[in-house]
Amino acid sequence: MTGSQRREQLLDVGRRLFAEKGFEGTSVEEIAAAAKVSKPVVYEHFGGKEGLYAVVVDREVQQLLAMVNRELTAEAHPRVLLEGAALGLLDYVEASTDGFRILVRDSPVAQSTGTFSSLLGDTATQVEHVLVDAFAERGFDRKAAPMYAQMLVGMVAMTGQWWLDARRPKKAEVAAHLVNLAWNGLRGLEAKPRLTPAARR
């Protein structure tokens, strides 16, 4: 196995163990044993468990940000953008369950980036850009856009955490209900929300 192949193997093994047992519950010994290597090999590639964890988290953050931001930077009606962002997060939860489990845990690595909180902040900044224009068009206070962005992202993120284990109803239905609440508010909830055809998968 080449050095880069070994590194990828250790990342795969670490990702699985961190998702299953958490950072504190996973030891370098377990990582090495699962990869069928000696402990010094783990240290050689990552400097220890913390280094391996940091790379795993960074990769997951980049993947999730890419999926959500791709939806938020499209040229579309704000509701379609919101639908796409909700589906983007749920797509990630569905496709990368282990990665999402790792992200939603408290990060033990002392850093200001690469945590679920910083990820939500980055996403909220993207949503804020969408909301500023939408608020301006409707005569709303543009200064309120950052607060509403945090609300929307928080709502979607918490729902994603719940859906991680529930997996019911189906992804599109969860996204439709999320957008129903976000777009219409409680007073204007649609009885049977549906995604627009542009957002369906």
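Residues numbered from 1 in each chain as written. Predicted model: local features only at pLDDT ≥ 70, side-chain atom pairs only at ≥ 80, totals over all residues. Heavy atoms only, no water.

## As for the UniProt feature "domain: HTH tetR-type" (unreviewed entry) in the protein chain
Part 1 of the argument: Listed under "domain: HTH tetR-type" (unreviewed entry) in the UniProt record, and renumbered for this structure, are residues 4-64.
Part 2 of the argument: Overall, residues 4-64 shows 82% helix and 0% strand. The separation of its end C-alpha atoms is 23 Å. (UniProt positions renumbered as here; feature names shortened; annotations may be inferred. Helix = DSSP H or I, 4+ residues; strand = E, 2+ residues; numbered from the N terminus.)

## Thoughts on a nonpolar patch on the surface
Part 1 of the argument: On the surface, Met 147, Tyr 148 and Met 151 cluster together into a nonpolar patch covering about 310 Å² of accessible area.
Part 2 of the argument: Structurally, the position occupied by Met 151 is in helix 8 (residues 145-166).
Part 3 of the argument: With relative accessibility at 45%, the residue Met 151 sits in the partly exposed group. (Patch = residues over 30% accessible without salt bridge, like charges linked within 9 Å, V, L, I, M, F, W, Y side chains within 5 Å. Areas by Shrake-Rupley, 256 points an atom, 1.4 Å probe, with all protein chains shown as cover. Salt bridge = Lys/Arg side-chain N within 4 Å of Asp/Glu carboxyl O. Buried < 20%, exposed > 50% of the residue type's maximum accessible area, 1.4 Å probe, protein only.)

## Digging into the pattern of salt bridges
Part 1 of the argument: Enumeration over the complete set of coordinates arrives at eight salt bridges.
Part 2 of the argument: Of the charged contacts in the structure, one is a salt bridge between Glu 83 and Arg 79, with a shortest N-O distance of 3.2 Å. Placement of both Glu 83 and Arg 79 in helix 5 (residues 78-95) is noted, with a separation of four residues, approximately one turn of the helix.
Part 3 of the argument: Judged by its relative accessible area of 0%, Glu 83 falls in the buried class.
Part 4 of the argument: A relative accessible area of 11% places Arg 79 in the buried class.
Part 5 of the argument: A salt bridge links Lys 171 to Glu 94; the shortest N-O distance between them is 2.8 Å. In this pair, Lys 171 is assigned in helix 9 (residues 171-184) and Glu 94 in helix 5, connecting sequence segments 77 residues apart.
Part 6 of the argument: Relative accessible area serves as the criterion here: at 42%, Glu 94 is assigned to the partly exposed category.
Part 7 of the argument: Here the salt bridges share partners, and the residues they tie into one network are Asp 91, Glu 94 and Lys 171.

## Remarks on unusual backbone geometry
Part 1 of the argument: With an omega of 0°, the peptide bond running from Arg 168 to Pro 169 counts as cis.
Part 2 of the argument: Along the chain, Pro 169 falls in the loop between helix 8 and helix 9.
Part 3 of the argument: Positive phi, close to 60°, is recorded for Lys 36, a residue that is not glycine.
Part 4 of the argument: Tracing the backbone shows Lys 36 in the loop between helix 2 (28-35) and helix 3 (39-46).
Part 5 of the argument: Even without glycine at this site, Arg 167 takes up a positive phi of about 55°.
Part 6 of the argument: Within the secondary structure, Arg 167 sits in the loop between helix 8 and helix 9.
Part 7 of the argument: Overall, Arg 167 belongs to the partly exposed group, its relative accessible area being 30%.

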